[in-house]
Amino acid sequence: MSEQQTKFILPESEIPTSWVNILPDLPGPPLPPLSPATGQPAGPDDLSAIFPMELIGQEMSGDRDIEIPEEVREAYKLWRPTPLIRARRLEKALDTPAHIYFKYEGTSPAGSHKPNSAVPQAYYNREAGIGKLITETGAGQWGSALSMACQMFGIECEVFMVGISYDQKPYRRAMIETWGGTVHRSPSDLTEAGRSQAEHPSGSLGIAISEAVEVAASSENANYALGSVLNHVCLHQTVIGQEAIAAMDMAGEYPDVVVGCVGGGSNFAGLIYPFIRENLENGRQTRFLGAEPTACPTLTKGVYAYDFGDTVGMTPLMPMYTLGHDFVPPPVHSGGLRYHGDAPSLCAFVKAGMVEATAIPQTAAFNAAIQFARAEGIIPGPEPAHAIRAGIEEALDAKQAGEERVILIGVSGHGHLDLAAYGAFLAGELDDLELSQDELDAAIERLPEAPAIA
Ligand SMILES: *Cc1c(COP(=O)(O)O)cnc(C)c1O
């Protein structure tokens, strides 16, 4: 029976009814964000100009579980539960005794895990009487997810899109507009931040964040939304891990190791936090492995320190592994993984040795993606390709050790809008962009002054 089964799909009735709040399970008390102006712990008042109270509450909550509103669960039904798939063909191709499973978030309308948080963020803002959400987007994954979510709850969506992506990646822009959102090429002339950066016409995520925050902070009826890093975003993503536990149970298995890709950390956090709670509560011994690009090696080469969330230095200081807020990673194709920091909650687990990290060169990631596509059919996004590569290495290691290791990989999205990168790789035009220690040291030297973290 289950020996033959490939897809494990839960019924809609098993969409989780609450999110797993990992804050009470952190190793040590959570370190507060610090106000950029005063260096003192940032409180709700520092955030209320741009976030609704309900999300600020989730950002700091001590409750172990937080109920998912009925309207959010209704919207989740459009694509959740997402499938858990046993990668039997990949196992065969690798000739490994390991059992490989992957949880696939590419079946959402936007093609990634990002709507898991975009939907509740739009919901809570509408409940608070907000009429418009403003955000930034790099390659367009977050902007498109938020545009869809805003449409569902009848509010407007305005997206500042990094100029070079706006020019080179028109399809995500068309998705944002199809769902009713407005897209501005950043830097724009709509904001002071944008006008001051006119000499950098290709833009950057840092400039786009500054523009979005400026508009949101100065408007009564509009708020800001962020697609990763913050506690409430990681919280919303825990639907992934909760479903994975239930679906693995259907398969009669439990993972020995869970692997995911890390950009800001939200999809990996959402996958592993419910498993971390199982480790703590039920004495499980599951390992957790985050995969990041060698071109932006935050967890493997960064320092653990207080740093700004954005390039310009407007956001609160957050305790995290960071490469320095003004570090500009080389232009690798996994746009979603090019962030200088990572979710503070995830960093706390890495610091405590409860979560491992590995860095993967982009050609190794694309090789794995192609092996995966040829075995399993699905063409993964360049971001989850890093997780797939790390998962394959686990499977080969299990073969060496002669172990039936059970491996669960988070595949956070499909790669249908990244085919130009596949084309370049297949034509032999992609290189590994390595960083020198000097470049890393220089960026880390520009960290802001803040208390050291033990
Ligand atoms: C945005 C994105 C990521 C990286 O963001 P995280 O917050 O680390 O999850 C990874 N995969 C896909 C498909 C994305 O769109």
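Residues numbered from 1 in each chain as written. Predicted model: local features only at pLDDT ≥ 70, side-chain atom pairs only at ≥ 80, totals over all residues.

(A) Region of interest: the nonpolar core. Among the nonpolar cores identified, the biggest contains 135 residues, and Ala122 and Ala149 are the most heavily contacted of them. No other element matches the eight residues that helix H10 (residues 205–217) contributes to this core. When residues of this core are assigned to domains, at least three fall in each of domain 1 (7–15 + 68–111 + 232–445) and domain 2 (115–226). (Core = buried A, V, L, I, M, F, W, Y, C linked by C-beta atoms within 7 Å. Buried ≥ 20, exposed ≤ 12 C-beta atoms within 10 Å, placed from the backbone. Helix = DSSP H or I, 4+ residues; strand = E, 2+ residues; numbered from the N terminus. Domains from an automatic or database assignment.)

(B) Geometry of the site of the ligand. Of all residues adjacent to the ligand, which total 18 residues, the nearest are Ser228, Gly263, Asn267, Gly336 and Gly413. For the shell around the ligand, the secondary structure elements donating two or more residues are helix H13 (266–282) and helix H17 (382–401). For the shell around the ligand, the class distribution of residues is four nonpolar, twelve polar and two charged. (Near = placed C-beta within 6 Å. Nonpolar A, V, L, I, M, F, W, Y, C, P; charged D, E, K, R; others polar.)

(C) Geometry of the environment of Ala37. As for its placement among the helices and strands, Ala37 is situated in the loop between strand S2 (18–20) and helix H1 (44–47). Put simply, Ala37 and Ala368 are 331 residues apart on the chain and 45 Å apart in space, counted from C-alpha to C-alpha.

(D) Expanded view of the domain arrangement of the protein. When the domains of the protein are assigned, the result is domain 1 (7–15 + 68–111 + 232–445) and domain 2 (115–226). Look at where the C-alpha atoms of domain 1 and domain 2 centre, and you get two points 24 Å apart. The interface is formed by 22 residues belonging to domain 1 together with 22 residues belonging to domain 2. Every element with two or more residues in the side of domain 1 that touches domain 2 is listed here: helix H3 (70–76), helix H11 (231–236), helix H12 (238–250) and H13. Per-element tally for the side of domain 1 that touches domain 2: the top contributor is H3, with four residues. For the side of domain 1 that touches domain 2, the per-class residue count stands at twelve nonpolar, eight polar and two charged. (Contact = placed C-beta atoms within 7 Å.)

(E) Spotlight on the pairing of strand S7 (residues 156–162). Burial analysis of S7 places six of its seven residues in the buried class, which makes it a mostly covered element. Judged from the six bridges that link them, strand S6 (residues 132–137) and S7 form a sheet pairing that is parallel. The residue bridging Glu136 from the neighbouring strand is Phe160, located in S7. As for the winding sense of the linkage, the β-α-β connection from S6 through helix H6 (residues 141–152) to S7 is right-handed. Where S7 meets strand S8 (residues 182–186), five bridges bridge the pair, whose relative direction is parallel. Across the sheet, the residue bridging to Met161 is Arg185, located in S8. (Pairing = 2+ DSSP bridges. Right-handed = clockwise from strand over helix to strand, strands pointing away.)

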